[in-house]
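Fold and geometry: a report
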Amino acid sequence: MHVIIAKVDEVFFEGEAGSVTAPGAEGEMTLLPRHMPLITTLKKGIITVRDVKPSEGVHKFPVTGGILEVDRYGVTVIL
Amino acid sequence: MAGLKAIKTKIRSMEKSRQVTRAMEAVSAVKMRKAQLRALSGRPYAKAAASILARVSGTYALAHHPLVAVRPLTKALYIVITSDKGLAGALNSAVLRGVSADIAGSGLAREDVSVIAVGKKAHDFFAARGVRIEAFHPQTDEITSENIALLVREAGQQFGAGAFDVVKIAYQNFLSTFEQRPVIHTIFPLSLVELQKLVADIVPVRGKFSKRASSGNGVFYNIEPSEEEVLTEILPRLAGIFVYHALLESQASEHSARMVAMKSASDKAGDLKRELTLQFNKARQAVITREVSEITGGMEALADKAI
């Protein structure tokens, strides 16, 4: 799935990923491809993006808030 | 002849001025390119925010959110973005004139209008006219998300609390290197139509950030924890897009206007220098001619005596 993590003046991450773990308003959640459409606010915590092959790498982004959207194309996070 | 020396000094000072204006032109050109590059970096964010907004638009919660409330106009707040420094042609005066005209057109008295000034020129202009300055921020080369959030917070809180019925932002819109035009946008009450128009302007038709189509309406979304809380998070961010865009446009405009102004100043200095050089040469020629005729005159006189 396609993942974008962006601030108004900067793009932190853009690319394909296998899964995304984020601190959602109702608790931490891990999003896999084909997750149901969802919009949630984010709490303070760390967003973890895992590449398609787990061996390829893990990216971590500390956040203090923001909004996360899941649609059928992927995950979009605006901080 | 005294004129010769004076002309020579003028030529030299003209050459110095030309060096200065050419250096400023080069600096502005570099800064302008940087500002244009930065404008591209805000695009994925604008696109994503607009698509999330499309999901929650049309809901009951949005229509009743304090940041979109339309009230009868009694007090207005203007965020005016100008440069700190001059030497940029009609750049700032065009924005300031636009705001003055807008205030006059709204029919509000001076004491019902407040200004958040970004850039020294805006502050000086409105302070001199007795308009209340709500806040003043100097123009910076680096636009950070903290600056933007601060501006949005200042304006949003006042609007949400009902201190102002409308918040507008005025800046110089960058059309091309040679053409900028002052524009005034309404930020609060936040209008979805205006926002979508703005986003359509900034999102490129092709290239890196254009490939993700929006999934279309009619898809059912889970919204957590509630529509209200999502809106409270997202509306200030959307206003931030307006502010960010305005700051970038005005920076790109400032640098390109200064570049053009400095280019014409350099050209003019070059012309003047050429004219002065011509004048200098003529004066020099006149001096030589006079000296030659004096010498020949003296020789003639001596020759007369000898006979």
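Here the structure is a predicted model, which is why all the values come from computation and not from measurement.

Glancing now at the packing of aromatic side chains. All names here are of chain B. Following the criterion strictly, the structure yields three aromatic pairs over all chains and no others. Residues F125 and F126 carry aromatic rings whose centres are separated by 5.0 Å and whose planes lie at 85° to one another, so their mutual orientation is edge-to-face. Under the relative-accessibility criterion, F126 is labelled buried at 2%. A centroid spacing of 5.6 Å and a plane angle of 20° characterise the contact between F159 and F188, whose relative ring orientation is stacked. Of this pair, F159 sits in helix α6 (residues 145-160) while F188 is found in strand β5 (residues 179-188), placing the two residues 29 residues apart along the sequence. In this structure F159 comes out as buried when scored by relative accessible area, which is 0%. Of note, R71 hangs over the ring of F159, and the distance from its end group to the ring centre comes to 4.7 Å.

Bringing the packing of helix α4 (residues 91-106) of chain B against helix α5 (residues 120-128) of chain B into the picture now. Residue and element names in this part refer to chain B. Contact geometry for α4 and α5: axes closest at 10 Å, N-to-C directions at 45°. As far as their axial angle goes, α5 and α4 are oblique. Taken as a pair, α4 and α5 cross one another with a handedness that is right-handed. Of the residues in α5, those touching α4 at N92, L96, V99 and S100 are K121, A122, F125 and F126.

We now examine the interface of chain B and chain A. Contact with chain B, which involves 34 residues of that partner, is made by 30 residues of chain A. For the pair chain B and chain A, the two sides together bury roughly 2,800 Å², of which 64% comes from carbon and sulfur. Viewed at the interface, chain A and chain B are joined by zero salt bridges. For the pair chain B and chain A, the number of links is one residue pair in polar contact (both at pLDDT 80 or more). Elements supplying a minimum of two residues to the side of chain B that touches chain A: α2 (43-56), α6, β6 (222-224) and α8 (227-306) of chain B. For the side of chain B that touches chain A, a count of residues per class yields 17 nonpolar, nine polar and eight charged. Pairing geometry for strand β5 (residues 38-42) of chain A and β6(B), over three bridges, is parallel. Following the sheet pairing, A:T40 is matched in β6(B) by B:E224.

We now examine a positive patch on the surface. Judged by side-chain charge, B:K5, B:K8, B:R12, B:K16 and B:R284 come together as a positively charged surface patch. Assignment of secondary structure puts B:R12 in helix α1 (residues 2-41).

The next thing to look at is α4(B). For α4(B), which comprises 16 residues, the first-to-last C-alpha distance of 23 Å matches the rise-based estimate of 22 Å (1.5 Å per residue) to within 8%. Taken residue by residue, α4(B) has B:L91, B:N92, B:A94, B:V95, B:L96, B:V99 and B:I103 as its buried positions.

This part takes up the pattern of salt bridges. Residues and elements named next belong to chain B. Evaluated as defined, the whole model comprises 12 salt bridges over all chains. Here D112 and K75 are joined by a salt bridge, their closest N and O atoms 3.6 Å apart. In this pair, D112 sits in the loop between α4 and β2 (113-118) while K75 sits in the loop between α3 (60-63) and β1 (76-81), placing the two residues 37 residues apart along the sequence. For the salt bridge of K263 with D267, the shortest nitrogen-to-oxygen distance reads 3.6 Å. Of the two residues, K263 and D267 both sit in helix α8, four residues apart, roughly one turn of that helix. What emerges from the salt-bridge pattern is a single network uniting E15, R18 and K273.

Right, let's talk about unusual backbone geometry for a bit. Residue B:P189 is reached from B:F188 by a cis peptide bond, and omega for that bond is -5°. You will see that A:R34, though not glycine, has its phi angle at about 65°, which is positive. Looking at the secondary structure, you find A:R34 in the loop between β4 (27-31) and β5.

Often, the extent of an interface is quoted as the loss of accessible area upon association of its parts. The domain architecture assigned to chain B consists of domain 1 (2-21 + 265-306) and domain 2 (24-261). The gap between the C-alpha centroids of domain 1 of chain B and domain 2 of chain B is 57 Å.

Further remarks concern the sheet that holds strand β4 (residues 166-176) of chain B. Residues and elements named next belong to chain B. The mixed open sheet is built from five strands, whose spatial order is β3-β2-β1-β4-β5. Either end of the sheet is taken by a strand with one partner, and the two such strands are β3 (132-137) and β5. Between one strand axis and the next, the sheet turns by 20° as a mean value, whatever way the strands run. Where β1 and β4 come together, five bridges link them in parallel fashion. Among the inter-strand pairings, L77 is bridged to a residue of β4, identified as V167. Of the strands in this sheet, β1, β2, β3, β4 and β5 touch α6, which is tilted by about 155° from β3.

With that settled, consider the environment of B:L91. All names here are of chain B. Along the polypeptide, L91 turns up in helix α4. Relative accessible area serves as the criterion here: at 6%, L91 is assigned to the buried category. Residues L91 and S253, spaced 162 residues apart in sequence, show a C-alpha to C-alpha distance of 7.7 Å. Ignoring any residue separated from it by four or fewer positions in sequence, one finds L91 in contact with S83, Q172, S253, E254 and A257.

Cut-offs used in this document
- Counting starts from 1 at the beginning of each chain's written sequence and moves along it residue by residue.
- Each chain takes a letter, starting from A, and each ligand takes a number, starting from 1, following the order in which they are written.
- It should be noted that, the model being predicted, local features are given only for residues of pLDDT at least 70 and side-chain atom pairs only at 80 or more, the latter also being counted only at that level, while totals for whole chains, interfaces and linings use all residues.
- Values reported for side chains reflect all heavy atoms of the structure, with hydrogen atoms and water molecules removed beforehand.
- Here a Phe, Tyr or Trp ring, Trp counted by its six-membered ring, pairs with any other such ring whose centre lies within 6.5 Å, and the pair is stacked when the planes are under 30 degrees apart, edge-to-face when over 60, and tilted otherwise.
- Per-residue accessibility, obtained with a 1.4 Å probe over protein chains only, is compared with the maximum for each type, and a residue is labelled buried under 20%, exposed over 50%, and partly exposed between these values.
- Under the scheme used here, helices are H or I runs from DSSP no shorter than 4 residues and strands are E runs no shorter than 2 residues, and both carry numbers assigned from the N terminus.
- The rule for a charge over a ring is simple: NZ of Lys or CZ of Arg within 6 Å of the ring centre, and within 35 degrees of the ring normal.
- Interaxial angle, 0 to 180 degrees, is taken between N-to-C directions of lines fitted to C-alpha atoms, where a helix line uses only the stretch in contact.
- If an angle is under 35 degrees, it is roughly parallel; if it is over 145, roughly antiparallel; if it lies from 65 to 115, roughly perpendicular; otherwise it is oblique.
- The sense of a crossing depends on the near helix, which, turned anticlockwise from the far helix by less than a right angle, makes the crossing left-handed and, turned clockwise, makes it right-handed.
- Here, residues are in contact when the closest pair of their heavy atoms is within 4.5 Å.
- Put simply, buried area is how much 1.4 Å-probe accessible surface two parts lose in total, over both of them, once they are put together.
- Salt-bridge detection follows one rule: a side-chain nitrogen of Lys or Arg within 4 Å of a carboxyl oxygen of Asp or Glu.
- What qualifies as a polar contact is a pair of N or O atoms within 3.5 Å, subject to a donor-acceptor requirement within protein and to the restriction that residues adjacent in sequence count only when both atoms come from side chains.
- Each residue receives one of three labels: charged for Asp, Glu, Lys and Arg, nonpolar for Ala, Val, Leu, Ile, Met, Phe, Trp, Tyr, Cys and Pro, and polar for the others, Gly being one of them.
- At least two bridges found by DSSP between two strands are what make those strands a pair.
- A patch consists of residues whose relative accessible area exceeds 30% and which take part in no salt bridge; residues with like charges are grouped when within 9 Å of each other, and nonpolar side chains (Val, Leu, Ile, Met, Phe, Trp, Tyr) when within 5 Å.
- All accessibility values rest on the Shrake-Rupley procedure with a 1.4 Å probe; residue burial counts only the protein chains present in the view.
- Positive charge is attributed to Lys and Arg, negative charge to Asp and Glu, and no charge count is given to His or to the chain ends.
- Where a charge lies is defined by one atom per residue type: Lys uses NZ, Arg uses CZ, Asp uses CG and Glu uses CD.
- In this analysis, the expected span of each helix is defined as 1.5 Å times one less than the number of residues it contains.
- Source of the domain bounds: an automatic or database domain assignment.

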